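# Fold and contact review
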Amino acid sequence: MPVGAIGILIAGLSARTSFKVGAGAGLGAATADAIYAALAVLGGAALAGAIAPIATHLRWLAAAVLLALAAHTAWSALRPGTAVRETRQTTALGAYLAILALTLLNPMTIVYFAALVLGRGGEGGGIWFVLGALLASASWQLLIAASGALAGKFLTTPRARRLTALASSTVIAALAVTLLL
């Protein structure tokens, strides 16, 4: 599985806060993947066709949200004492809901799952396909969250956390721009 903007966001969030918060974010992404897998099984071709006319607008919206997150992360990294406040304010549930919403904005996810179903002649595997997508995504996202949390254990100085946040925001911004190309 590739590490995209969401994966970078989860790793950076875990490094700056905790594994619990990163796991919440990762499970939000996995939930979105399961929702899209279920939609693909139920009517992937029709949904992909319905999304096609607005896919460009959804990509722009997703890119705007990612750029806002990148800017917020960079701004927070440059303000003194923000890392402490972020750790206290960010909850696992808040991270779950934010990443769930952000992942659902990605129209390419439904197209990807629809292509998987259609590639099998329309037989998507039903509930087993959805469950497999959920488990595969959750395990991958939790690995990303754990990696970020582990990195956060070694990057304990304010300067290291600031550099981590700035690197994360730069990668997220770059990936947001690629949505527009």
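Residues numbered from 1 in each chain as written. Predicted model: local features only at pLDDT ≥ 70, side-chain atom pairs only at ≥ 80, totals over all residues. Heavy atoms only, no water.

## What to know about the overall build of the protein
The secondary structure content of the protein amounts to 8 helices and 0 strands. Taken from the N to the C terminus, the helices and strands of the protein come in the order α-α-α-α-α-α-α-α. Put simply, the protein has 181 residues, and 39% of those count as buried. Long-range pairs, those at least 24 residues apart, make up 88% of the contacts in the protein with a sequence separation of at least 6. Summing over all exposed atoms, the protein offers an accessible surface of approximately 9400 Å²; the carbon and sulfur share of this is 74%. (Helix = DSSP H or I, 4+ residues; strand = E, 2+ residues; numbered from the N terminus. Buried < 20%, exposed > 50% of the residue type's maximum accessible area, 1.4 Å probe, protein only. Contact = heavy atoms within 4.5 Å. Areas by Shrake-Rupley, 256 points an atom, 1.4 Å probe, with all protein chains shown as cover.)

## Regarding the UniProt feature "transmembrane region" (unreviewed entry) in the protein
In the numbering used here, UniProt assigns the feature "transmembrane region" (unreviewed entry) to residues 6–27, 34–54, 60–78, 90–115, 127–151 and 163–180. Span residues 127–151 is 100% helix and 0% strand, its end C-alpha atoms 36 Å apart. The distance from the first to the last C-alpha atom of residues 163–180 is 26 Å, and the span holds 100% helix and 0% strand. (UniProt positions renumbered as here; feature names shortened; annotations may be inferred.)

## Here's the deal with the packing of helix α1 (residues 5–16) against helix α7 (residues 126–154)
Viewed as axis vectors pointing N to C, α1 and α7 meet at an angle of 40 degrees, and their least axial separation amounts to 7 Å. Between α1 and α7, the crossing angle belongs to the class labelled oblique. Here the hand of the crossing between α1 and α7 comes out right-handed. Within the contact between the two elements, α1 uses G7, I10, A11, S14 and A15 and α7 uses Q141, I144, A145, G148, A149 and G152. (Axes fitted to C-alpha atoms, helices over the stretch in contact; angles between N-to-C directions. Parallel < 35°, antiparallel > 145°, perpendicular 65-115°, else oblique. Left-handed = near helix turned anticlockwise from the far one by under 90°.)

## Comments concerning a nonpolar patch on the surface
A cluster of nonpolar side chains, namely I127, W128, L131, L134 and L135, defines an oily patch on the protein surface of about 550 Å² accessible area. Secondary-structure assignment places L135 in helix α7. Taking relative accessible area as the criterion, L135 reaches 53% and is therefore assigned exposed. (Patch = residues over 30% accessible without salt bridge, like charges linked within 9 Å, V, L, I, M, F, W, Y side chains within 5 Å. Salt bridge = Lys/Arg side-chain N within 4 Å of Asp/Glu carboxyl O.)

## Focus on the side chain of S169
Its location among the elements puts S169 in helix α8 (residues 158–180). Here S169 falls in the buried class, since its relative accessible area comes to 5%. Once you skip the residues sitting within four places of it in the chain, S169 turns out to touch A70, T73 and A74.

## Things to note about the environment of V3
Topologically, V3 is positioned in the segment before α1. Accessibility expressed as a relative area gives 45% for V3, which makes it partly exposed. Put simply, V3 and W140 are 137 residues apart on the chain and 9.4 Å apart in space, counted from C-alpha to C-alpha.

## Brief notes about α7
In this model α7 runs 43 Å from its N-terminal to its C-terminal C-alpha over 29 residues, within 8% of the 42 Å that 1.5 Å per residue would give. Listed in full, the buried residues belonging to α7 are F129, V130, A133, S137, A138, Q141, I144, A145, G148, A149 and G152. (Expected span 1.5 Å × (residues − 1).)

## Quick look at α8
Because each turn of an α-helix spans 3.6 residues, side chains separated by three or four positions in sequence point in the same direction. Between its terminal C-alpha atoms α8 stretches 34 Å, which fits the 33 Å expected from 23 residues at 1.5 Å a residue. Residues A160, A165, S168, S169, I172 and A176 constitute the buried set of α8. Looking at the buried positions of α8, the neighbouring elements they touch are α1 and α3 (55–78).

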